[in-house]
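Take a look at the letters that make up each chain.
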Amino acid sequence: MAATVLDGKRLARQIENELKHRVARIRRSTGGRIPVLATILVGDDPASATYVRMKGNACKRVGMDSSRILLPEETTTRELLAEIDRLNDDPRVHGILLQHPVPGHVDERACFDRISTGKDVDGVTAHGFGLMAMGASAYGAATPAGIMKLLSHYQIPLEGRNAVVVGRSPILGKPMAMMLLNANATVTICHSRTRNLSCIVRAADIVVGAVGRREFIRADWISDNAVIIDAGYHPGSVGDVELSAVVRRCAAYTPVPGGVGPMTITTLIAQTVESAEVDAAGPGPAPANERG
Ligand code: NAP
């Protein structure tokens, strides 16, 4: 049987259409307010600039606003923290995206963690990660949360299955592993010090490539009927997995491009809309122990 293509581009378009209605509803219920995503780009890395532009374009497509903050390469941690404080305090802003990576001299973790949990729509704070890992309410890291939406949409069973995540970065590998664990998969996390990687990948029902190295996960490591999620994107439209040699014998796969990438952006936008909905609903009744 032909493998299922986990078509992120198509699902993202469908979700965007739903988001347009939700944004219109927020406008009506608030007398014209629209959700705003603030994006911060430090330095002039062309790839990062492209990602930020794509996120701004997605905001436009659903009727939201984005506010672009461009900071020079020499911005200090202190200056960036001050900018984040300003956005945290700005009631017009519903979500904050600090584009990764920031220049090496900036303490990225400190800056991520300064984003208030309610505006952490990219799911990058340690606090948000902790809540998510505990199964509590938090915006998940956008890329793995988008992957989970894709798996759910295509009804890929996760419970009890062996999932192998290759990569353990704070924005992708680690939260991916926690989300799969929360969905009752049996999860193995691999990294640069993992031994016998090919054997571990061979035992996987679900393989997530989150390494950042072109076709690093070889086709002959992957078992027949596995589900392949490839987060990588490299010149020549290839990812972190040697996909072309395995598409005929796997159960399902994310195409590169058009798989994980569009789902990341749509998830970021959806989480910003959710934050604006929370804001539009206003404060609920105070808990009993806080009432006068
Ligand atoms: P990253 O921070 O560079 O992390 C890479 C991970 O791969 C690290 O955990 C590293 O292990 C591991 N690794 C490196 N060499 C390895 C090896 N020989 N064997 C096993 N593991 C190895 O990258 P990232 O930000 O997570 O991104 C990973 C990929 O996803 C990249 O291709 C990136 O472009 C892509 N990505 C895509 C999207 C999207 O929206 N489509 C979003 C984010 C990232 P150590 O921890 O031991 O160093």
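Residues numbered from 1 in each chain as written. Predicted model: local features only at pLDDT ≥ 70, side-chain atom pairs only at ≥ 80, totals over all residues. Heavy atoms only, no water.

(A) Region of the structure containing the overall build of the protein. The helix and strand tally for the protein stands at nine helices and nine strands. Here the C-alpha atoms of the protein give a radius of gyration of 20 Å, agreeing with the 19 Å that 2.2 N^0.38 yields for 292 residues. Over its C-alpha atoms, taken along the principal directions, the protein stretches across nearly 60 × 40 × 40 Å. Counting across all 292 residues of the protein, residues that qualify as buried make up 48%. (Helix = DSSP H or I, 4+ residues; strand = E, 2+ residues; numbered from the N terminus. Rg over C-alpha atoms; globule rule 2.2 N^0.38 Å. Buried < 20%, exposed > 50% of the residue type's maximum accessible area, 1.4 Å probe, protein only.)

(B) A look at the environment of Asp120. Inspection of the secondary structure assignment puts Asp120 in the loop between helix H4 (108-114) and helix H5 (126-133). Its relative accessible area of 1% is what places Asp120 among the buried residues. Once you skip the residues sitting within four places of it in the chain, Asp120 turns out to touch Ile115, Thr125 and Tyr139. One polar contact links the side chain of Asp120 to the main-chain amide nitrogen of Val124, over a distance of 2.9 Å. (Contact = heavy atoms within 4.5 Å. Polar contact = N/O pair within 3.5 Å; in protein donor to acceptor, adjacent residues only side chain to side chain.)

(C) A look at the state of the cysteines. On inspection of all chains with the given rule, the structure shows zero disulfides. No disulfide involves Cys199; its nearest neighbouring cysteine sulfur is the one of Cys190, lying 11 Å away. (Disulfide = S-S within 2.5 Å.)

(D) Structural context of helix H6 (residues 142-153). A rise of 1.5 Å per residue sets the reference length of H6, with its 12 residues, at 16 Å; its end C-alpha atoms lie 16 Å apart and thus fit the reference within 8%. Taken across its 12 residues, H6 has nine buried, putting it largely inside the fold. Buried residues of H6: Ala142, Thr143, Pro144, Ala145, Gly146, Ile147, Met148, Leu150 and Leu151, and no others. Residues of H6 that are buried sit in contact with helix H1 (8-29), helix H7 (173-182), strand S8 (227-230) and helix H9 (260-281). Taken from the residues just after H6, Gln155 is the one with a positive phi, measuring 50°. (Expected span 1.5 Å × (residues − 1).)

(E) Up close: the pairing of strand S3 (residues 65-71). As judged from the seven bridges shared by strand S2 (residues 36-42) and S3, these two strands associate in the parallel manner. Opposite Val36, over in S3, you have Asp65 as the bridge partner. Running through helix H2 (residues 46-61), the crossover from S2 to the neighbouring parallel element S3 is right-handed. (Pairing = 2+ DSSP bridges. Right-handed = clockwise from strand over helix to strand, strands pointing away.)

(F) Representation of the sheet that holds strand S9 (residues 252-253) in the model. Taken in spatial order, the six strands of this open sheet run S1-S9-S8-S7-S5-S6, and their pairing is parallel. Single-partner strands in this sheet number two, and they are strand S1 (4-5) and strand S6 (186-190). Where strand S5 (residues 162-166) meets S6, five bridges bridge the pair, whose relative direction is parallel. Each bridged residue has a counterpart across the sheet, and for Val165 the counterpart in S6 is Ile189.

(G) Inspection of the packing of aromatic side chains at higher detail. Taken as a whole and assessed by the stated rule, the structure comprises one aromatic pair. Relative to Trp221, the ring of Phe216 lies with its centre 5.9 Å away and its plane at 85°, an arrangement referred to as edge-to-face. (Phe/Tyr/Trp six-rings, centres within 6.5 Å; stacked < 30°, edge-to-face > 60°.)

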